[in-house]
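Observations on the model geometry
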Amino acid sequence: MDFRLNEEHEALRQSVREFARDVVAPVIAEHYERHTFPYDVVRQMGKMGLFGLPFPEEYGGMGGDYFALCLALEELARVDSSVAITLEAAISLGAMPIYRFGTAEQKERWLPKLVSGEALAGFGLTEPGFGSDAGGTATRAVLDGDEWVINGSKAFITNSGTDITALVTVTAVTGIRPDGSKELSTIIVPSGTPGFTVAPGYSKVGWCASDTHELTFDDCRVPAANLLGERGRGFAQFLRILDEGRIAIAALAVGLAQGCVDESIRYATQRQAFGQPIGNYQAIQFKIADMELRAHTARLAYYDAAARMLAGEDFKRQAAMAKLYASESAVDNAREATQIHGGYGFMNEFPVARFWRDSKILEIGEGTSEVQRMIIARDLGL
Ligand SMILES: Cc1cc2nc3c(=O)[nH]c(=O)nc-3n(C[C@H](O)[C@H](O)[C@H](O)COP(=O)(O)OP(=O)(O)OC[C@H]3O[C@@H](n4cnc5c(N)ncnc54)[C@H](O)[C@@H]3O)c2cc1C
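As the structure is a computational prediction, the values presented were derived from the model and not from experiment.

1. Here we look at unusual backbone geometry
- Residues other than glycine seldom take positive phi values, yet Trp207 does so here, at roughly 45°.
- Looking at the secondary structure, you find Trp207 in the loop between β6 (196-198) and β7 (212-223).
- Residue Trp207 is classed as buried on the basis of its relative accessible area, which comes to 11%.
- Of note in this structure, Asp219 is not a glycine but carries a positive phi near 50°.

In structure tokens, the structure reads:
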């Protein structure tokens, strides 16, 4: 058993760490404040090959693995979560469904631009009326000749409305099975298709430099060939995508949790109270020790889930545990880091304020904490 990274993974971690420090950190606070999408940062991430990390070279990818993506997400989120979620959603929710389930033509058409970061894709599962209960999907798609006609709406879709968004994949009811249950399928809808409307961006509490929109489909017609994979496989497809995605979100949460440790050590060694640095007080030291403990333990949990996934083993429970523990650790660490910063922690100019605002969504997106507990309990036979 060896938890050390190999040379390639270590080099990747180091280069993303430097990128986050030198390219992301100087500009992200302003994007966050103004709620603007950091196109220039995304372009540079594309040049570094980050959007292609887990994809094969034949599509322009780096030929790495899903664990490499997780390492990159951890290092980005250690500095900023808007940029990290943009990469996570672009790969794990945007390009991955096409890579895993698409036809040869769909892969050839879409993957090279998504893998290079020149274009982004969104994943439209959640609806205004159905989130955790995604099987309840109300969006419908009816085959009319050689076109799907889509009607419905999707809520909170990441990367769906940037200037470089090329498509969204949309889950829709395509029929009713003999047992009365819904037949769900996934359909590719290119940006700009008539009848596909992207609402203005939400005003969010956190992830303020990331892109999130409500989408509506009003008699939106796309070719029948835009069906992703097999008809009726939509449910199984999104379960697979979410299982994997949870490992990536866990890595992102570990990055935020570790960023809170970094900022707290920095502040506690500088800030003086009662004649000495606050880091000399055991009450502060113990907070930071507990924060490091949570970040470390959560990291081991996502390493384990990723290792199982890469070994082709069942990883559902481990991914849910990693996502649950890492997101709750991120929230705890952000709260404690803010406390250590006192009043300054409540000021947006300090990174910990951003960490605090960005942490809460980690307990909600890609399956809430309650949903993770349901998955774990079910896997235990309950
Ligand atoms: C910024 C942001 C980005 C997002 N990006 C995307 C995206 O790109 N694509 C996408 O498809 N979705 C996206 N989402 C949606 C996200 O995945 C959902 O918000 C999440 O799954 C929860 O769904 P919901 O909001 O409908 O809450 P609900 O499902 O309505 O849940 C409300 C509450 O009830 C609880 N609950 C529900 N069912 C049960 C139960 N059986 N037992 C106990 N408690 C229960 C939940 O845990 C939660 O606490 C995004 C959301 C946000 C905020």
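Resuming the write-up.
2. Quick look at the nonpolar core
- In this structure, Met45, Leu76, Leu87, Ile247 and Tyr302 are the most contacted members of the largest nonpolar core, which totals 93 residues.
- The element best represented in this core is helix α6 (residues 234-270), accounting for 16 residues.
- Apart from the residues within four sequence positions on either side, Ile247 is in contact with Tyr66, Cys70, Tyr302, Ala305, Ala306, Met309, Phe315 and Ala319.
- Counting residues in hydrophobic clusters, the runner-up holds 15 residues, among them Ile187, Phe196, Phe217 and Leu227.

3. A few points about the pattern of salt bridges
- Taken as a whole and assessed by the stated rule, the structure comprises 24 salt bridges.
- A salt bridge links Arg221 to Asp144, with the nearest nitrogen and oxygen atoms 2.8 Å apart. You can see Arg221 sitting in strand β7 and its partner Asp144 sitting in strand β2 (residues 140-144), a full 77 residues away along the chain.
- Classification of Arg221 by relative accessible area gives partly exposed; the value is 39%.
- For the salt bridge of Arg308 with Asp304, the shortest nitrogen-to-oxygen distance reads 3.1 Å.

4. A look at the UniProt feature "domain: Acyl-CoA dehydrogenase/oxidase N-terminal" (unreviewed entry) in the chain
- The residues that UniProt annotates with the feature "domain: Acyl-CoA dehydrogenase/oxidase N-terminal" (unreviewed entry) are residues 6-118.
- A distance of 29 Å separates the end C-alpha atoms of residues 6-118, which is 74% helix and 0% strand.

5. Observations concerning the packing of aromatic side chains
- Using the criterion set out here, one finds 12 aromatic pairs in the structure.
- Every member of this aromatic cluster is reached through a ring pair, and the members are Phe55, Tyr59 and Tyr99.
- Residue placement shows Lys182 over the ring face of Phe130; its charged tip is 5.7 Å from the ring centre.
- Over the ring of Tyr32 we find Arg354; its NZ or CZ atom is 5.9 Å from the centre of that ring.

6. Brief notes about the site of the ligand
- Neighbouring the ligand are 19 residues; Thr126, Ser132, Phe156, Thr368 and Glu370 lie closest to it.
- When the free accessible area of the ligand is taken as 980 Å², the share hidden by the protein chains comes to 63%.
- Tallying contributions element by element places strand β3 (residues 147-158) first for the shell around the ligand, with 3 residues.
- Looking at the shell around the ligand, its residues break down into 9 nonpolar, 7 polar and 3 charged.
- When residues of the shell around the ligand are assigned to domains, at least three fall in each of domain 2 (122-231) and domain 3 (236-379).

7. Notes on the packing of helix α3 (residues 66-77) against helix α4 (residues 81-101)
- Two elements in contact, α3 and α4, have axes whose closest approach is 7 Å; the angle formed by their N-to-C orientations is 160°. On the basis of their axis angle, the class for α3 and α4 is roughly antiparallel. Crossing geometry of α3 relative to α4 is assigned as left-handed. Where α3 abuts α4, its residues Tyr66, Leu69, Leu73, Leu76 and Ala77 lie against Ser81, Val83, Ala84, Leu87, Glu88, Ile91, Ser92 and Met96.
- Of the residues assigned to the contact of α3 with α4, the class counts are 10 nonpolar, 2 polar and 1 charged.

Conventions and cut-offs
- Residues numbered from 1 in each chain as written.
- Predicted model: local features only at pLDDT ≥ 70, side-chain atom pairs only at ≥ 80, totals over all residues.
- Heavy atoms only, no water.
- Helix = DSSP H or I, 4+ residues; strand = E, 2+ residues; numbered from the N terminus.
- Buried < 20%, exposed > 50% of the residue type's maximum accessible area, 1.4 Å probe, protein only.
- Core = buried A, V, L, I, M, F, W, Y, C linked by side-chain atoms within 4.5 Å.
- Contact = heavy atoms within 4.5 Å.
- Salt bridge = Lys/Arg side-chain N within 4 Å of Asp/Glu carboxyl O.
- UniProt positions renumbered as here; feature names shortened; annotations may be inferred.
- Phe/Tyr/Trp six-rings, centres within 6.5 Å; stacked < 30°, edge-to-face > 60°.
- Lys NZ or Arg CZ within 6 Å of the ring centre and 35° of its normal.
- Near = heavy atom within 4 Å.
- Areas by Shrake-Rupley, 256 points an atom, 1.4 Å probe, with all protein chains shown as cover.
- Nonpolar A, V, L, I, M, F, W, Y, C, P; charged D, E, K, R; others polar.
- Domains from an automatic or database assignment.
- Axes fitted to C-alpha atoms, helices over the stretch in contact; angles between N-to-C directions.
- Parallel < 35°, antiparallel > 145°, perpendicular 65-115°, else oblique.
- Left-handed = near helix turned anticlockwise from the far one by under 90°.

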